[in-house]
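Single-letter residue listing:
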Amino acid sequence: MTKMKVLFDTDPGVDDAMALLLLARHPRIALLGVTTVFGNASLDQVVHNALYLKDLYGFSAPVARGAGRPLEVAPGEPPAFVHGDNGLGDIPLPARNEARADMIPAHQLIIKLVRAHPHEITIIAVGRMTNLAQALAEDPGIAPLVKQVVIMGGAFGYNGHCGNVTAVAEANIIGDPHAADRVLAAHWPIAMVGLDVTMETVMSDQYLAELATTGDDGAFVRKISHGYQDFHRKTINLDGFPVHDSSAVAYALHPEFFDTINCPVRVVDHGDCIGQTLAKDEGDAADSFNWEGRAKIRVCTGVESQALLNFYRQTLVGRAT
Ligand code: BDR
Ligand code: CA
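Reference entry: report on the structure contained in this document. The shown structure was predicted, so the numbers you read here are calculated from the model rather than taken from an experiment. (Residues numbered from 1 in each chain as written. Chains lettered and ligands numbered in written order. Predicted model: local features only at pLDDT ≥ 70, side-chain atom pairs only at ≥ 80, totals over all residues. Heavy atoms only, no water.)

## Thoughts on the packing of helix α9 (residues 205–212) against helix α13 (residues 305–316)
Interhelical geometry of α9 versus α13 gives an angle of 15° and a closest axis separation of 11 Å. Comparing the axis directions of α9 and α13 gives the class roughly parallel. Once α9 is placed against α13, the crossing between them reads as right-handed. Two secondary-structure elements touch here, α9 through Y207, E210 and L211 and α13 through L309, Y312, R313 and L316. When its residues are assigned to classes, the contact of α9 with α13 shows five nonpolar, no polar and two charged. (Axes fitted to C-alpha atoms, helices over the stretch in contact; angles between N-to-C directions. Helix = DSSP H or I, 4+ residues; strand = E, 2+ residues; numbered from the N terminus. Parallel < 35°, antiparallel > 145°, perpendicular 65-115°, else oblique. Left-handed = near helix turned anticlockwise from the far one by under 90°. Contact = heavy atoms within 4.5 Å. Nonpolar A, V, L, I, M, F, W, Y, C, P; charged D, E, K, R; others polar.)

Take a look at the structure:
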């Protein structure tokens, strides 16, 4: 079986940890690198979390330390009210030892892996896109050498989903809008898995309780996600929580679960609508954005939620295909 070579760019993060578990367990994935970026917790904390997950899940890929702040906008406070103070739902963690991170910075690990495996690497990016933008700035020649970039981020209004930080902005985009726009401008094949679809797949309390009975992995998902579940119940009256980052992994392995459109995308980088993602449809009238040279991107607009939930469970119980 030919495995998909994956580099995972992440800010773990409860749902990042759940997505990384899929990558560690799925038989068709070869995880070659994990690059970290500030976001759901401070950079030090997410590096620590990624190293902790490496030990817990038992994968061998290097964990690299990435960007600690956005390219241009001021950094915001980490969302401890969503992911807990330590980013992993405040479960007890061992003492910090970020010195175990790979010597090479995240953006250079991205360059190194892409150059070592031309046309073979799938980058799955589920945090701010600062590391990817830095990699492109240092070595723009990597873009055509990447097989695919699958991004969890953005929102286009499909299924009524427009934003989760502001009325029009999703967290990974508004966290570094300039990086996102540069990454979306590069000529590498991109798929965006935004709130339009991630909000449509919900792991209910019943689903999570059953998952917890299947073994250590399911029990760990349940353990880290109690606070995450409470947050979604209190704020949007949801039974359970939406499946953000794992949906990007699902797309990489099972694009057939998703409906998509193909169009260029830009990010608003200032003003009241900062962080908004705009997709240009064929017939759109001219607007104030410069779309010149912007390649088309695959944007997810619909998802077979039950298939995705089955895929998550099957992967954890060792029955994924
Ligand atoms: C995204 O923001 C982060 O909080 C999650 O990990 C996910 O990547 C959802 O908007
Ligand atoms: Ca994330």
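## A closer look at the coordination of the calcium ion (ligand 2)
Around a metal, the idealised angle for a tetrahedral arrangement of four donor atoms is 109.5 degrees; for an octahedral arrangement of six donor atoms it is 90 or 180 degrees. Here the calcium ion (ligand 2) is held by the protein donor atoms D11 (OD), D16 (OD), D16 (OD), V126 (O) and D245 (OD), which lie 2.3 to 2.7 Å from it. In the primary sequence, the donor residues of the calcium ion (ligand 2) line up as D-x4-D-x109-V-x118-D. Of this pair, D16 sits in helix α1 (residues 14–25) while D245 sits in helix α12 (residues 245–253), and the two are 229 residues apart along the sequence. As far as burial versus exposure is concerned, D16 and D245 are alike and both buried. (Donors = N, O, S within 2.8 Å, 3.2 Å for Na, K, Ca; no water. Buried < 20%, exposed > 50% of the residue type's maximum accessible area, 1.4 Å probe, protein only.)

## Remarks on the pairing of strand β1 (residues 4–10)
Within β1, six of the seven residues are buried, leaving the element largely enclosed by the surrounding structure. Bridge analysis of β1 against strand β2 (residues 29–36) gives seven bridges, and the strand direction is parallel. Bridge pairing links K5 to A30 in β2. With α1 bridging β1 and its parallel neighbour β2, the resulting β-α-β unit is right-handed. Pairing of β1 with strand β4 (residues 121–125), which is carried by five bridges, proceeds in the parallel orientation. Residue pairing across strands places F8 opposite I124, the latter belonging to β4. (Pairing = 2+ DSSP bridges. Right-handed = clockwise from strand over helix to strand, strands pointing away.)

## Some words on the site of ligand 1
D15, D16, N40, H83, V126, M152, N164, E170, A171, N172, H244 and D245 make up every residue found near ligand 1. Here N172 contributes a side-chain N or O atom positioned 2.9 Å from an oxygen atom of ligand 1. Taking a 2 Å distance to the grid points as the criterion, the majority of the atoms of ligand 1 fall inside the largest pocket. For the shell around ligand 1, the secondary-structure elements that each account for two or more residues are α1 and α6 (171–174). Tallied by class, residues from the shell around ligand 1 come to three nonpolar, five polar and four charged. (Near = heavy atom within 4 Å. Polar contact = N/O pair within 3.5 Å; in protein donor to acceptor, adjacent residues only side chain to side chain. 1 Å grid on protein atoms, 1.4 Å probe; cavity = no way out; pocket = protein on both sides within 12 Å on 5 of 7 lines; lining within 4 Å. Sits in = over half its atoms within 2 Å of the grid points.)

## Comments concerning the sheet that holds strand β5 (residues 148–152)
In spatial order, the strands read β3-β2-β1-β4-β5-β6-β12-β9; together these eight strands make up an open sheet with mixed pairing. Looking at which strands have only one partner, the edges of the open sheet turn out to be β3 (63–64) and β9 (258–263). Here β4 runs beside β5; their pairing, made up of four bridges, is parallel. By the bridge assignment for β5, T122 is matched with Q148.

## Observations concerning the pattern of salt bridges
This structure, assessed with the given rule, holds twelve salt bridges. The salt bridge involving D217 is made with R25; its shortest N-O contact spans 2.6 Å. Of this pair, D217 sits in helix α10 (residues 216–224) while R25 sits in helix α1, and the two are 192 residues apart along the sequence. Here E210 ties to R313 by a salt bridge, and the two come within 2.8 Å at their closest N and O atoms. (Salt bridge = Lys/Arg side-chain N within 4 Å of Asp/Glu carboxyl O.)

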